[in-house]
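For reference, the chains in residue letters:
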Amino acid sequence: MFETVLIANRGEIALRVLRACRELGVRTAVVYSAADADSAAVRHADQAIRIGPASSRRSYLNAAAIVEAARQVGAQAVHPGYGFLSEDADFAEICADNGLTFIGPPPAVMAALADKSSARALMSRAGLPLSPGSVAPVPTAAAAAEIAEAVGYPVIVKAAAGGGGRGMTVVRTPGELRRAYTRTRAAAQAAFGDDRVYVERYLTEARHVEVQVLCDSHGNGVHLGTRDCSVQRRHQKLVEEAPAPALPAAVLDTIAETALRGALEVGFVGAGTLEFLVDAEEQFHFLEINCRIQVEHPVTEMVTGIDLVHEQLHIAAGVPLRWRQEEIRLRGVAVECRVNTEDPGRGFAPTPGRLDRFTPPGGPFTRVDTHASAGYVIGPWYDSLLAKVIVWAPDRELALNRLERALDEFDIAGPGVHTTIPFVRRVLDDAAFRKGRYTTRLVDRLLGVPGAAPAQRPTATPAPRPASAATPDVPNRRTR
Ligand code: MV4
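Residue numbering note: each chain is counted from 1, following its sequence as written. Owing to the predicted nature of the model, reporting of local features is limited to residues with pLDDT of at least 70; listing and counting of side-chain atom pairs is limited to 80 or more, with chain, interface and lining totals taken over all residues. With hydrogens and water set aside, each side-chain value is computed from the structure's full complement of heavy atoms.

### Let's talk about unusual backbone geometry
Then step 1. Cis geometry marks the peptide bond from Y153 to P154; its omega dihedral reads 0°.
Then step 2. Structurally, the position occupied by P154 is in the loop between α7 (141-151) and β6 (155-163).
Then step 3. The residue after A242, namely P243, is reached through a cis peptide bond having omega -10°.
Then step 4. Think of it this way: any DSSP run of H or I at least four residues long counts as a helix, any run of E at least two long counts as a strand, and we number them from the N terminus. For P243, the position within the fold is in the loop between β11 (236-242) and α9 (249-265).
Then step 5. If you check the backbone angles, E205 has positive phi at about 50° while not being a glycine.
Then step 6. Within the secondary structure, E205 sits in the loop between β8 (197-201) and β9 (207-215).

This is how it looks when you write it as structure tokens:
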């Protein structure tokens, strides 16, 4: 095992990784920006290195400063958390060049999977089912139109360099295609410096089901079952649960086993997540693979009893996988909700400010991952994730009741500070959600977004669209 690990992140995940290191007897060092000098991770770490000003570009995204910090503290490995540099193959390579172990897949594997078009081709070759569409970048609008005609409308144009919902456009009719194709390419060029796009059939009323895998550096792998992450607003997840509900165990097993086969086939190493859409006919389609620990990893930990960050550290240290598939048992149901400092009443606009009161819930089978405490000041610099509340219960109904109970206890107050808790309560109250019969359209339906619920769509007065949120410097939008 490593003697010292450098944690190249902030917020709740920096603390989460720090705790895992402590439990394994690994010394911890964290980097921090000027805005995070008083953070919990800085307080708890064995060493803390200031690497730049609040701007994430000049701190948490500054590869050279992070590598220099690792050298200063004598770290052998870097844990990137999620967001920031966690899926940056160039950063992983810079680490290797400097004799540092990047806690994640090999740089070449990361690069191949970061390109969503290439990931699609690789997984298709490995036998994973894809949504119908192109398996290579589409060079012209005419070629895009040909593919769209072949697979049928609606289609979605996606940036190869995108992912996590960034750089994609839904196209409902042939008349919109040329414009959508051109605009998605231009937007992808501007956002990623890469204008390659591909075209897929757009699956409506589908569930977002993902599979957690662990693969070691010796070719062994296990899957840790599924999570449903369909409750999303603008590709920000709000509620996640494990296992995915209301699907036959045989279907979930097939998805999980297929995902693991794909991961092993492409040489994946570390903790990874394969995302799928599951349609109304229970057919599943590979979307993309994420090479990082994810925000929602705790629900998998709760149903398996396996600490995913411990496993990441062991895998990175070259230890053979400590679990055989038969030893991994899924027990009960875990549900997580994200508590963001955003105002659901104003289009989920961030509400930074000082927390006068902050008392997280407690009680049985209730876990709160947070970096906050009373007096904590939420700045405008980073994403607005304040806390995650995760509960476990033997069955789904009790888990949902337990989450509602935990949210009742959560006391957060400060001038101007709002949270997503009231909106999460509406999700937990929703009849379709309660039955486990919900899709990626749930949030839009709750928000009254036009087109979200065609059966009930009013003809005269469409529901108002929420005002768009202000966009400060939100680095984690890269991969969340
Ligand atoms: C899709 C899709 C439907 N059809 N692709 C969103 C994030 C990224 N991982 C891929 N995503 C999607 N890709 C096809 N061919 C639906 C999603 C999607 C989604 C779309 C709209 C609103 C919420 C969503 C939540 C999860 C996935």
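Additional details are given in the paragraphs that follow.
### Here we look at the state of the cysteines
Then step 1. Here, the term disulfide refers to a pair of cysteine sulfur atoms separated by no more than 2.5 Å. Taken as a whole, this structure holds zero disulfides when the rule is applied.
Then step 2. Here C95 stays unpaired: no disulfide links it, and the sulfur of C21, its closest cysteine neighbor, is 15 Å away.
Then step 3. Between C229, a cysteine without a disulfide, and C337, which holds the nearest cysteine sulfur, the sulfur-to-sulfur distance is 13 Å.
Then step 4. The exposure class of C229 is buried, given its relative accessible area of 0%. The buried label goes to any residue with under 20% of its type's maximum accessible area, the exposed label to any with over 50%, and the partly exposed label to all in between, with areas taken from a 1.4 Å probe on protein chains only.

### Some remarks on helix α13 (residues 421-429)
Then step 1. All of the buried residues in α13 are I421, F423, V424, V427 and L428. For α13, the buried positions fall inside an angular range of 160° around the axis, keeping them on one side. Here, the arc refers to the directions that run from the helix axis to the C-beta atoms.

### Examining the sheet that holds strand β3 (residues 47-52)
Then step 1. A pair of strands is treated as paired once DSSP finds two or more bridges between them. Judged by pairing direction, the sheet is parallel, and its five strands sit side by side in the order β3-β2-β1-β4-β5 without closing on themselves. The open sheet has two edge strands with one neighbour each: β3 and β5 (101-102).

### Overview of the nonpolar core
Then step 1. Nonpolar cores were defined as sets of buried Ala, Val, Leu, Ile, Met, Phe, Trp, Tyr and Cys residues, with membership established by side-chain atoms within 4.5 Å. Ranked by size, the top nonpolar core spans 89 residues in total, and within it L6, F91, F268, L274 and F276 carry the most contacts.
Then step 2. Residue contacts are defined here by distance: any two heavy atoms, one from each residue, within 4.5 Å place the two residues in contact. Discounting chain neighbours no more than four positions away, the residues touching F91 are A63, I66, V67, V78, L85 and F102.
Then step 3. Counting 38 residues, the second-largest nonpolar core is a separate cluster that includes A372, L403, V417 and L442.

### A word on the site of the ligand
Then step 1. Throughout this document, a residue counts as near a molecule or strand when at least one of its heavy atoms sits within 4 Å of that molecule or strand. In the vicinity of the ligand lie 18 residues, with K158, E200, R201, L203 and E275 positioned nearest.
Then step 2. The definition of a polar contact used here is a pair of N or O atoms within 3.5 Å, where within protein one atom must be able to donate a hydrogen and the other to accept one, and adjacent residues in sequence count solely through side-chain atom pairs. L203 has a polar backbone atom sitting 2.9 Å from a nitrogen atom of the ligand.
Then step 3. One of the side-chain N or O atoms of E275 is found 2.6 Å from a nitrogen atom in the ligand.
Then step 4. Residue assignment for the shell around the ligand shows that the elements contributing at least two residues are β6, β8, β12 (270-278) and β13 (284-290).
Then step 5. Each residue is assigned to one class: nonpolar for Ala, Val, Leu, Ile, Met, Phe, Trp, Tyr, Cys and Pro, charged for Asp, Glu, Lys and Arg, and polar for all the others, Gly among them. Its residues assigned to classes, the shell around the ligand comprises six nonpolar, seven polar and five charged.

### Side note on the packing of aromatic side chains
Then step 1. Two rings belonging to Phe, Tyr or Trp (six-membered ring only in the last case) form a pair when the distance between their centres is within 6.5 Å. Interplanar angles under 30 degrees mark stacking, angles over 60 mark edge-to-face geometry, and anything in between is tilted. In the structure shown here, the tally under the stated rule is nine aromatic pairs.
Then step 2. Pairing F358 with F410 gives two aromatic rings, centres 5.3 Å apart and planes at 70°, and the pair type is edge-to-face. On the criterion of sequence distance, the pair formed by F358 in strand β18 (residues 357-359) and F410 in the loop between α12 (396-409) and β22 (411-413) is long-range, its members being 52 residues apart. Per residue, the accessibility class of F358 equals that of F410, and both read buried.
Then step 3. Between F433 and Y438 the ring centres are 4.8 Å apart and the planes differ by 40°, which places this aromatic pair in the tilted class.

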